[in-house]
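Read off the chains here:
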Amino acid sequence: CYSLGSVFVMSTCLTLYDLGCTNRLGDVCFMGACNDLQLFAQSLHKLIGSKGVVQGKVIVMYSIYDTILAYLFKTVRLGEVPLGYKRMNMEYLADCLMDNDPPFKAMPKEEVMKYIQSRLDNLDVSEQCENHFVFKYRLRKMLPLFKFSGDFKEAQSFSSFRDA
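Re the nonpolar core
Counting residues in hydrophobic clusters, the biggest one holds 30 residues, and the most contacted among them are F30, F40, L47, V58, I116 and L120. Listed by contribution, the elements that provide at least two residues to this core are α1 (5-18), β1 (28-31), α2 (37-42), α3 (44-48), β2 (58-62), α5 (90-100) and α7 (109-119). It is α5 that provides the largest number of residues to this core, a total of 6 residues. When residues no more than four places from it in sequence are discounted, the contact partners of F40 are M10, F30, L47, V58, V60, L83, M88 and L120.

This is the structure in structure tokens:
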């Protein structure tokens with residue numbers, strides 16, 4: 001999902017969790033995501049936790065050059081940090097998962113961080129995406145960077161795609 005679509009996808013994931021759905025989605029990819037980083041971290045257990053809705057991986061692509069997200073969050077959403085703007089802190093994600101998902105509370109933090117790293121890719125695509133609008137045009141170049149584990153695993157041959 002891209003840009004504002006990421007808000008819809010995240011809301012859908014949270015709704016599925018609230019309805020009791022577990023392991024219903026393959027891989028979920030956020031590009032230039034307008035979601036709040038803190039809300040994402042606090043909801044991580046609903047995505048990839050012990051009863052999470054994503055059975056594959058969550059892939060978050062960010063660009064430090066995404067000035068649209070930086071501007072939006074500085075002027076409209078004060079105090080929030082956009083998911084698609086900077087690298088996530090794995091220790092913070094581990095703390096959130098341990099706080100919100102009972103099976104992870106007793107685990108050592110290092111093991112929780114390893115689990116998160118196996119289920120979540122936080123990709124810096126700043127070299128490929130110098131602004132917010134190029135994500136959709138550069139996606140074909142970035143797809144080989146992904147290590148899909150669910151829906152797209154068989155379709156990782158992207159030789160048929162041509163760059164725009």
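Things to note about the sheet that holds strand β3 (residues 120-124)
Across the sheet, which stays open at both edges, the 3 strands sit in the order β1-β2-β3 with parallel pairing between neighbours. Of all the strands in the sheet, the pair left with one neighbour each is β1 and β3. Going across the sheet, the axis of each strand differs from the next one's by a mean of 15°, ignoring polarity. Sheet topology note: the β2/β3 ladder contains 5 bridges and is parallel. Within β3, the position partnered with V58 by the bridge is L120.

Some remarks on α7
What α7 keeps buried is the set V112, M113, I116 and R119. Along the long axis of α7, the arc covered by the buried residues comes to 130°, so they all point the same way. Exposed and oriented more than 90 degrees from the buried face of α7 are E110 and K114. Close packing links the buried residues of α7 with α3, β2, α5, α6 (102-105) and β3.

Focus: unusual backbone geometry
Phi is positive for N23, which is not a glycine, with a value near 55°. Here N23 is to be found in the loop between α1 and β1.

Regarding the packing of aromatic side chains
Scanning the model with the defined rule gives 2 aromatic pairs in all. Arranged with centres 5.9 Å apart and planes meeting at 85°, the rings of F30 and F40 form a pair that is edge-to-face. Here the residue F30 occupies a position in strand β1, and F40 occupies one in helix α2, the gap between them amounting to 10 residues. F40 shares its class with F30; the two are buried.

Some points on the packing of α5 against α7
Contact pair α5 / α7: the axes reach a minimum separation of 9 Å and the direction vectors enclose 105°. With respect to their mutual orientation, α5 and α7 come out roughly perpendicular. Contact residues: M90, E91, L93, A94, D95, L97 and M98 in α5; K109, V112, M113, Y115, I116 and Q117 in α7. When the residues that make up the contact of α5 with α7 are grouped by side-chain class, the tally is 9 nonpolar, 1 polar and 3 charged.

Here's the deal with the confidence of the model for the protein chain
Caution applies to low-pLDDT regions: their predicted coordinates should not be interpreted in detail. Summing up the model confidence of the protein chain, the mean pLDDT is 83 and the portion of residues at 70 or higher is 76%. In this model residues 153-164 is a low-confidence stretch, pLDDT under 50, and it forms 12 contacts with partners more than four residues away in sequence or in other chains.

Basis of the calculations
Residues numbered from 1 in each chain as written. Predicted model: local features only at pLDDT ≥ 70, side-chain atom pairs only at ≥ 80, totals over all residues. Heavy atoms only, no water. Core = buried A, V, L, I, M, F, W, Y, C linked by side-chain atoms within 4.5 Å. Buried < 20%, exposed > 50% of the residue type's maximum accessible area, 1.4 Å probe, protein only. Helix = DSSP H or I, 4+ residues; strand = E, 2+ residues; numbered from the N terminus. Contact = heavy atoms within 4.5 Å. Pairing = 2+ DSSP bridges. Axes fitted to C-alpha atoms, helices over the stretch in contact; angles between N-to-C directions. Arc of directions from axis to C-beta. Phe/Tyr/Trp six-rings, centres within 6.5 Å; stacked < 30°, edge-to-face > 60°. Parallel < 35°, antiparallel > 145°, perpendicular 65-115°, else oblique. Nonpolar A, V, L, I, M, F, W, Y, C, P; charged D, E, K, R; others polar. pLDDT = per-residue confidence, 0-100.

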